[in-house]
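Survey of secondary and tertiary structure
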Protein chains: 2
Amino acid sequence: MDRLIEKPKLSKATTKRLSLYLRCLKELHKEGVQRIKSSEFSQLTHVGSATIRRDFSQLGELGRSGYGYDVSYLISVFSSILDTIEEKRIALIGCGNLGQALLNNNFRRNENLNIVCAFDTDADKIGSVFNNVEVYSMDRLDEILSKEKVTIAISTVPSQYSQAAVENVVKNGVTAILSFAPDPIKVPEGITVHYIDLTTELQTLIYFDELAQSRRG
Amino acid sequence: MDRLIEKPKLSKATTKRLSLYLRCLKELHKEGVQRIKSSEFSQLTHVGSATIRRDFSQLGELGRSGYGYDVSYLISVFSSILDTIEEKRIALIGCGNLGQALLNNNFRRNENLNIVCAFDTDADKIGSVFNNVEVYSMDRLDEILSKEKVTIAISTVPSQYSQAAVENVVKNGVTAILSFAPDPIKVPEGITVHYIDLTTELQTLIYFDELAQSRRG
């Protein structure tokens, strides 16, 4: 656990950008790029270069902005901050269309993020296998989460069942939940819940689109 | 178009919170709550009350924080800023599992956001109807987008086809795109693209979970 303590405390916004930086750096590395300047990196990531320099300065001694940053070194530092070096084992709760989309994709861009088991209440789905991941009955959460050493869950359960499903996984050792039902869930202290709210994302897009269209006149 | 010009210029973060506020206010309204203090609203939304007061002060003359805000009035002001009074007609590009999940849900929490047509390249899907929305061939984009008066699209197209699909809808009058493929897409000026990047969301969750667990010791 030592290395966790050394992690810088970053804002949510910086952490999200860090993940974006990491993905872009891996693309650059694949293309054989060894050094990159913050101005070039800004064009690639669509993040302002002042923001990039400020983020990088929070993340450690990464090099000099004018001379350029070493791509491999950035990848190693950023990976260690985001802790993607060790495998993260994830349970999926809810195997409807959205759940199946997640299973089929299974974060294949990041080999360390793996959905390893899935749960549903639908008897027709229990026992099915999607992209090598088996679907279990919710009754077996206790047994399977402990056997699979899972502490992270993604819930695609509909809003009205979301609170109960999350309480159930938390009781069985899960400490981090990504929920696709946007209604706030009550969880004990020390449990982290993030929400993906597609309605909010769409409304935000529309707001910025309308600003852009009104500027065009 | 006049009312667009009066819209306050909000940051992306404020706009996302505004959408959350609006959803929570509608819940309160449904439950018969007429006035709410920023401290109570903070508990409900999980947003700090200082942030709420700062956001509200940017949004106009909404009332006094100590006395409480009028729920119906806030709903009318926020709705008009987010422009959810008029219907937003949306095209879905890509009808795989994720696309079908979006069609089945179709933003039912917000009656003004409607996916009205869907497109795919798969002959088996073309002509199907999901939740009353018909799937058309991509060849018919021009005809259908114009007939349906659509200027907003959601793309669930896989990364490698994403750029081409977006160019195609932009050519046919779409100005706002929500993309589930996280790779940056090149678009002309005046076109707004937002991305939903599930890998980044998950990595951010894991980062905050690990901070929380390291504090627990």
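Located above this text is the structure these notes cover.
Okay, so let's go over this structure. (Residues numbered from 1 in each chain as written. Chains lettered and ligands numbered in written order. Predicted model: local features only at pLDDT ≥ 70, side-chain atom pairs only at ≥ 80, totals over all residues. Heavy atoms only, no water.)

1. Looking at the overall build of chain A
Of the regular secondary structure elements, chain A holds 9 helices and 10 strands. Referenced to the eigenvectors of the C-alpha coordinate spread, the extents of chain A come out at roughly 60 × 50 × 35 Å. For chain A, the residues scored as buried account for 54% of the 217 residues in total. Considering only residue pairs separated by 6 or more positions, chain A has 57% of its internal contacts joining residues 24 or more positions apart. Carbon and sulfur atoms provide 48% of the accessible area of chain A, an area that totals close to 10,300 Å². Each charge sign in chain A was given a centre, from 26 positive and 27 negative side chains, and these centres are 7 Å apart. (Helix = DSSP H or I, 4+ residues; strand = E, 2+ residues; numbered from the N terminus. Buried < 20%, exposed > 50% of the residue type's maximum accessible area, 1.4 Å probe, protein only. Contact = heavy atoms within 4.5 Å. Areas by Shrake-Rupley, 256 points an atom, 1.4 Å probe, with all protein chains shown as cover. Lys, Arg positive; Asp, Glu negative; His and termini not counted. Charge placed at Lys NZ, Arg CZ, Asp CG, Glu CD.)

2. Regarding the environment of B:Asn168
Residues and elements named next belong to chain B. Among the secondary structure elements, Asn168 is positioned in helix α8 (residues 159–171). Among the residues examined, Asn168 registers a relative accessible area of 24% and is labelled partly exposed. Considering only alpha carbons, one finds Asn168 and Leu141, 27 residues apart in sequence, at a separation of 8.0 Å. Among all residues touching Asn168, those that are not within four sequence positions of it are Met138 and Leu141.

3. A short note on the pattern of salt bridges
Residue and element names in this part refer to chain A. In total, this model carries 18 salt bridges over all chains according to the counting rule given. A salt bridge links Arg35 to Asp70; its shortest N-O distance comes to 4.0 Å. Of this pair, Arg35 sits in strand β1 (residues 35–36) while Asp70 sits in strand β3 (residues 68–70), placing them 35 residues apart in sequence. Residue classification places Arg35 among the partly exposed residues on the basis of a relative accessible area of 34%. What makes Asp70 partly exposed here is its relative accessible area of 30%. Of the charged contacts, one joins Glu143 and Arg140 as a salt bridge, the two residues approaching to 2.9 Å between their closest N and O atoms. The partly exposed category is assigned to Glu143, whose relative accessible area is 41%. Shared partners join several salt bridges into a network, and the residues in it are Glu87, Arg89 and Glu148. (Salt bridge = Lys/Arg side-chain N within 4 Å of Asp/Glu carboxyl O.)

4. Thoughts on the side chain of A:Thr14
Residues and elements named next belong to chain A. Take Thr14: it is sitting in helix α2 (residues 12–30). On the accessibility criterion, Thr14 (4% relative accessible area) is buried. Among residues more than four places away in sequence, those in contact with Thr14 are Asp55 and Gln58.

5. A closer look at the packing of aromatic side chains
Within this structure, the stated rule accounts for 16 aromatic pairs over all chains. Between A:Phe41 and A:Phe56 the ring centres are 6.0 Å apart and the planes differ by 50 degrees, which places this aromatic pair in the tilted class. Remark: A:Phe56 occurs in helix α4 (residues 49–59) and A:Phe41 occurs in helix α3 (residues 38–45); sequence separation between them is 15 residues. Ring geometry for B:Tyr207 against B:Phe208: centres 5.2 Å apart, planes inclined by 90 degrees, an arrangement best described as edge-to-face. (Phe/Tyr/Trp six-rings, centres within 6.5 Å; stacked < 30°, edge-to-face > 60°.)

6. Some details on the nonpolar core
Ranked by internal contacts, the top residues of the largest apolar core, which has 48 residues, are A:Ile115, A:Ile154, A:Leu202, B:Ile115, B:Ile154 and B:Leu202. In contact with B:Leu202, not counting residues within four places along its chain, are A:Ile90, A:Phe107, A:Leu113, A:Ile152, A:Ile154 and A:Leu178. (Core = buried A, V, L, I, M, F, W, Y, C linked by side-chain atoms within 4.5 Å.)

7. Structural notes on unusual backbone geometry
Residues and elements named next belong to chain A. At Asn132, a position not held by glycine, the phi torsion is positive, near 70 degrees. Mapping Asn132 onto the fold places it in the loop between β6 (129–130) and β7 (133–137). On the accessibility criterion, Asn132 (73% relative accessible area) is exposed. Of note in this structure, Lys149 is not a glycine but carries a positive phi near 55 degrees. Exposure remark for Lys149: the relative accessible area of 66% places this residue in the exposed category.

8. Section: the interface of chain B and chain A
Across the boundary between the two partners, chain B contributes 70 residues, which contact 70 residues of chain A. Interface area for chain B against chain A, summed over the two sides, is near 6,300 Å², with a carbon-plus-sulfur share of 62%. Ranking the residues of chain B by area buried against chain A places B:Gln203, B:Leu205 and B:Tyr207 at the top, with a combined share of 11%. Here chain B and chain A share 6 salt bridges between them. Between B:Arg23 and A:Asp197 there is a salt bridge whose closest N-O contact spans 2.1 Å. Where the side of chain B that touches chain A is concerned, the elements lending two or more residues are α2 (12–30), α5 (71–82), β4 (88–93), α6 (97–105), β8 (152–155), β9 (176–179), β10 (192–195) and α9 (198–216) of chain B. Here the element with the most residues in the side of chain B that touches chain A is α9(B); it accounts for 19 residues. (Buried area = accessible area lost by both parts, 1.4 Å probe.)

9. Observations regarding the relation of the copies chain B and chain A
With an axial shift of 0.0 Å and an RMSD of 0.0 Å, the rotation relating chain B to chain A amounts to 180 degrees. Expressed as an axis order, the relation between the two copies is that of a two-fold axis. Counting the interface residues of chain B, we find that 100% of their copies in chain A are interface residues as well, pointing to one common contact surface. (Least-squares fit on C-alpha atoms with pLDDT ≥ 70 in both.)

10. Details of the packing of α2(B) against helix α3 (residues 38–45) of chain B
A pair of packed helices is captured by two measures, namely the crossing angle of their axes and the spacing between those axes. Residue and element names in this part refer to chain B. With their axes 11 Å apart at the nearest point, α2 and α3 run at an angle of 105 degrees to one another. Put simply, α2 runs roughly perpendicular to α3. Contact residues: Leu20, Tyr21, Cys24, Leu25 and Leu28 in α2; Phe41, Leu44 and Thr45 in α3. Of the residues assigned to the contact of α2 with α3, the class counts are 7 nonpolar, 1 polar and no charged. (Axes fitted to C-alpha atoms, helices over the stretch in contact; angles between N-to-C directions. Parallel < 35°, antiparallel > 145°, perpendicular 65-115°, else oblique. Nonpolar A, V, L, I, M, F, W, Y, C, P; charged D, E, K, R; others polar.)

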